[in-house]
Amino acid sequence: MATATFEPRIVAFFCNWCTYTASDLAGTARMAYEPNAPVVRVMCSGRVDPQFVLKALQEGADGVLVGGCHPGDCHYQEGNYTALRRFRLLKRVLTQLGVEDERVRLEWISASEGDRVQHVVDEMTAQLRTLGPFQQVRS
Amino acid sequence: MNTINLTINGIEVEAEDRTPLLAIADRIGVKIPTLCHHPLVEAYGVCRICIVEVHMRNRVRLVTACNYPATNGIEVLTDTPRVRRNRKMILEWFLSRCGHVPILNALAAEYGITEPRFGRGDDTCILCGLCVRVCSDVVGANVLGFFNRGTTRYVGTPYDEPSDACIACTACAQVCPTGCITIDDEAELVRGELPLGPMTPIYIPTMQAVPHQPVIDHDSCIHFKTDGCRVCASVCEPKAIDHGQQDRHEEIQVGSIIVATGFQPVDANKVPQYGYGRYPNVFTALQVEHMVNASGPTNGQALLKDGSKPKAVGIIHCVGSRDKNTHEYCSRVCCMYSLKLAHLVHERSDAKIYNFYIDMRAAGKGYEEFYNHLLEEGCEFIRGRVAEVSDWAVTPLEQGKLVIRVEDTLAGFVRRIPVDMVILSTGLEAREDAAEVRRLFNISCSSDGWFLERHPKLAPVSTFTDGVFIAGCAQGPKDIPDTVAQAGAAAAEAMALIDKGHVELEAYTAWIDEERCSGCQVCVPLCPFSAIQFNKDKKVSQLNEALCKGCGTCVAACPSLVAQQHHFTDAQIMAEIEGVLVS
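Engineer: Is there a simple way to explain the overall build of chain B in this structure?
Structural biologist: A count of helices and strands for chain B gives 16 helices and 25 strands. Across chain B, the fraction of contacts at a sequence separation of at least 24, relative to all contacts at a separation of at least 6, is 60%.

And the structure:
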């Protein structure tokens, strides 16, 4: 069912200080990457409420990418650890609901890693392309 | 201490009781000859040349001025016929042992000795023991001592072997009155090691050091080796030297911080094909810089390891820069400092200079003109990355030389150029501990390790942490004018922050709707800035907006959705999610 023309839609939540800056860097460095992941900027990956991920999937996203600072580098000291804890929990729920592992992803990308943003978005888009559209879980 | 009165050669003097006569005479300008005396060593009175006449209560005595303590009412005469006669006799005895020592002959001439009655001996040591006393009392190394007795007495080291305890401080040679101790000049060795650090244990770190004060190097200072010496402390009039000082950690409250931790040069060993460390005449630019400095170890000459002047010098650019194996970036300063060294070495040794470059990057005020000047001076510029430096000679011309093998990309063929000296223009890299410093200030590093500015154009000296600014090579390779300009900008930014007198809070702080707060306290431990407190009376969480930095972690955690963040409310983000998914 995956077709060559299927373009997955990814919602990316990027933290303002690291991953968002990195995507900015990727832009200024003219690193082209797949346009499938529009970015929702948050101040910290700790702001990413699990509900946002669920909401995105519910609204028709095929994947969700959360980007934060590397452990120990959080601008707010420990927001990314909170994000990690929530993500682990959310992942267990999503797995039980039958959401494939590749669809929701957490990445640590520092402000200087523009190439990593490029790599992660390209990789995730390619994976979701093979995986196909997200079939919503119905009650 | 009591004050006493005495006369020296008829001059009335006031002095502290029991001050040695020599010190008092010195103060009023009366000259008394000395041999075994040195101000740093306790007076010994062994050479007897400082004898003077002391008149005291109808008694006349000859005493040694260096260690005779002055008492009240004495009359001292330093140049009577009796004193002169005795000194003359002492000198004649000295000459009978050491007949050809300049200082003794000068004194002999002063006392009218033309031909000493007891002949002239060939020794040079007068056995004054000054070296022995300096070695044990001042330096504390205890290497020198007297051996044998009577006429066979001599000064030496145990078993006449070179002593392991000797720290080569050369103090003995410096105090020896007759100059009979010489130090084997190991200039060869010194040049071989090319000390890049200070040449003495006490030095001012750099010409521009702030504060501009000397420091003592703990590792090379004699005092910290033998617990002796302290000569510096005894000659320092304001008594500013304290060897007992310990490292102190001080906490200083500041309003803003400028991180200007600089760079380190790329280790030339990382580029092994250029033979650094294998061939003695392959130098880094910093070593040559040290040599061409007028106050350096070679007095401003760029010399080979054997001390001779080079006839041909090759300068290899981009060592550790613009290279996938080391650093891909351009270090910016190497082109210009290489040209400077080319000019200086050519000027001082008249050597033929070859520059091996990839691109000549002389961007800057007056830089291109300097490059043109060097072209006119007759410097050779060969465009191409050097393949290797070796001592493998193919032709007789290359015998005993270092051969630089390079593809001349302008001429289009591979060349072998024999030179005497190779200078590696090593690039700049981030300091080893940059990652630690970065973590300390919660700022970011680029992938090369340089500290990251908040914005390359709009906030070039700010960082992601408020109140922390960066300047200089810590931010990236740059030359001195750029560094100074950036430092000025960072200082101005820091001042502006302090001068304002108030801190602007972020606009996107969180808030808690107290009316609807259930008081579950989930948010309280989550806040890393302790901005949320639980109000026990009202049974609600309360948020201090002055402390809140606006991360929104509490907002994401609130189960009753009453914690919200300005500009990032749940509703706003939900709407944004819907927005990005509209296709």
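Structure's up, so let's keep going.
Engineer: Sorry, what's going on with the overall build of chain A here?
Structural biologist: Tallying secondary structure elements over chain A gives four helices and four strands in all. Of the contacts formed within chain A by residues at least 6 apart in sequence, a portion of 82% connects residues at least 24 apart.

Engineer: I tried to follow the sheet that holds strand β17 (residues 402-408) of chain B on my own but got confused; where do I start?
Structural biologist: All names here are of chain B. Here three strands make up an open sheet; going across it, the order is β16-β17-β18 and the pairing antiparallel. Because the sheet does not close on itself, it has two edges, and the strands there are β16 (386-390) and β18 (413-419). Strand-to-strand twist in this sheet, taken as the mean axis angle between neighbours without regard to direction, amounts to 20 degrees. With four bridges connecting them, β16 and β17 associate as antiparallel partners. Residue pairing across strands places S390 opposite V403, the latter belonging to β17.

Engineer: Can you walk me through the sheet that holds strand β12 (residues 282-284) of chain B in this structure?
Structural biologist: Strands pair in a sheet through their backbones, by hydrogen bonds, and they do so in one of two ways: parallel or antiparallel. All names here are of chain B. Here five strands make up an open sheet; going across it, the order is β12-β19-β13-β14-β15 and the pairing parallel. Looking at the sheet topology across the chains shown, the edges are occupied by β12 and β15 (380-383). Strand-to-strand, the axes of this sheet are offset by a mean angle of 20 degrees, without reference to chain direction. Contacts from helix α10 (residues 334-349) reach β13 (312-319), β14 (352-357) and β19 (421-426), with the element oriented near 170 degrees to β13.

Engineer: How should the interface of chain B and chain A be read in this particular structure?
Structural biologist: By a widely used convention, the size of an interface equals the accessible area lost when the partners come together. In this complex, chain B contributes 28 residues to the contact, which on the side of chain A involves 28 residues. Contributing elements (two or more residues each) for the side of chain B that touches chain A: α15 (553-557) and α16 (570-581) of chain B. Of the residues forming the side of chain B that touches chain A, the biggest block, eight residues, is contributed by α16(B). When its residues are assigned to classes, the side of chain B that touches chain A shows 15 nonpolar, eight polar and five charged.

Engineer: Explain the packing of helix α2 (residues 50-58) of chain A against α16(B) to me, please; I cannot follow it from the model alone.
Structural biologist: Two quantities define a packed helix pair, namely the angle between the axes and the distance from one axis to the other. Contact geometry for α2(A) and α16(B): axes closest at 10 Å, N-to-C directions at 30 degrees. Classed by the angle they form, the pair α2(A) and α16(B) counts as roughly parallel. Seen from above, α2(A) lies across α16(B) with right-handed handedness. Contacts between α2(A) and α16(B) involve F52(A), K55(A) and A56(A) from the first element and I573(B), M574(B), I577(B) and L581(B) from the second. Looking at the contact of α2(A) with α16(B) residue by residue, the classes come out as six nonpolar, no polar and one charged.

Engineer: I'm lost on the pairing of strand β4 (residues 59-64) of chain B in this one. Help?
Structural biologist: Remark: a regular strand shows side chains that alternate across the two faces of the sheet. Residues and elements named next belong to chain B. Strand direction decides the pairing type here: strand β3 (residues 51-56) and β4, joined by six bridges, are antiparallel. Its bridge partner lying in β4, I51 is registered against T64. Two successive antiparallel strands, β3 and β4, enclose a turn made up of two residues, where R57 displays a positive phi of approximately 45 degrees.

Engineer: Would you mind showing me how to read the packing of helix α1 (residues 19-28) of chain A against helix α4 (residues 114-131) of chain A here?
Structural biologist: All names here are of chain A. Here α1 crosses α4 at 95 degrees, and the two axes come no closer than 7 Å. As judged from the angle between their axes, α1 and α4 are roughly perpendicular. Of the residues in α4, those in contact with T19, A22, S23, L25 and A26 of α1 are G114, R116, V117 and Q118. Split by residue class, the contact of α1 with α4 holds four nonpolar, four polar and one charged.

Engineer: What's the story with the nonpolar core in this structure? I'm lost.
Structural biologist: What tends to happen in soluble globular proteins is that the nonpolar side chains get buried as a cluster. In terms of nonpolar packing, the biggest core is built from 129 residues, with V64(A), Y274(B), I404(B), V422(B), I423(B), L424(B) and C554(B) touching the most fellow members. Not counting chain neighbours up to four residues away, the residues in contact with I423(B) comprise F283(B), A285(B), V288(B), V313(B), I315(B) and L341(B). By size, the runner-up hydrophobic cluster in this structure holds 49 residues, among which are I8(B), A15(B), C36(B) and C172(B).

Engineer: In this structure, what is going on with the pairing of strand β23 (residues 532-535) of chain B? I would like to understand it.
Structural biologist: Residues and elements named next belong to chain B. The sheet contact formed by β23 and strand β24 (residues 540-543) spans four bridges and is antiparallel. Bridge assignment links Q533 to a residue of β24, and that residue is Q542. Joining the antiparallel neighbours β23 and β24 is a turn of four residues, in which K539 adopts a positive phi near 60 degrees.

Engineer: Any chance you could explain unusual backbone geometry here in plain terms?
Structural biologist: Note: most residues except glycine have negative phi, and most peptide bonds are trans. Residues and elements named next belong to chain B. Residues V210 and P211 are joined by a peptide bond in cis, for which omega reads -5 degrees. Along the chain, the position of P211 falls in the loop between β8 (202-203) and β9 (215-216). Of note, the phi angle at R48 is positive, near 65 degrees, even though the residue is not glycine. Judged by local crowding, R48 falls into the partly exposed class, with 18 C-beta atoms found within 10 Å. Of note, N442 is a non-glycine position whose phi angle comes to about 55 degrees, a positive value. If you trace the backbone, N442 turns up in the loop between α12 (434-441) and β21 (468-470). For N442, a count of 18 C-beta atoms within 10 Å translates into the label partly exposed.

Engineer: Just to check I follow, could you spell out helix α11 (residues 367-377) of chain B for this structure?
Structural biologist: For α11(B), the buried fraction is low: one of the 11 residues fall into the buried class. Positive backbone phi, at 100 degrees, marks G378(B), one or two positions downstream of α11(B).

Engineer: Where do I start with the environment of I316(B) in this structure?
Structural biologist: Residues and elements named next belong to chain B. Note on placement: I316 falls in strand β13. The buried category is assigned to I316, around which 26 C-beta atoms lie within 10 Å. Each C-alpha atom of the pair I316 and S338 lies 8.4 Å from the other, and the pair is 22 residues apart in sequence. Apart from residues no more than four positions distant in its own chain, I316 is found in contact with Y274, F356, V386, V422, L424 and S425.

Engineer: Explain the confidence of the model for chain B here, please?
Structural biologist: A low pLDDT score tells you not to read the predicted coordinates there in detail. All names here are of chain B. When the pLDDT values of chain B are averaged, the result is 90; 97% of them are 70 or greater. By mean pLDDT, helix α6 (residues 187-193) is the weakest element of chain B at 46, and β19 is the strongest at 97. Scored by ipTM, the complex comes to 0.93, with pTM at 0.69.

Reading the values: rules and limits
- Residues numbered from 1 in each chain as written.
- Chains lettered and ligands numbered in written order.
- Predicted model: local features only at pLDDT ≥ 70, side-chain atom pairs only at ≥ 80, totals over all residues.
- Helix = DSSP H or I, 4+ residues; strand = E, 2+ residues; numbered from the N terminus.
- Contact = placed C-beta atoms within 7 Å.
- Pairing = 2+ DSSP bridges.
- Axes fitted to C-alpha atoms, helices over the stretch in contact; angles between N-to-C directions.
- Nonpolar A, V, L, I, M, F, W, Y, C, P; charged D, E, K, R; others polar.
- Parallel < 35°, antiparallel > 145°, perpendicular 65-115°, else oblique.
- Left-handed = near helix turned anticlockwise from the far one by under 90°.
- Core = buried A, V, L, I, M, F, W, Y, C linked by C-beta atoms within 7 Å.
- Buried ≥ 20, exposed ≤ 12 C-beta atoms within 10 Å, placed from the backbone.
- pLDDT = per-residue confidence, 0-100.

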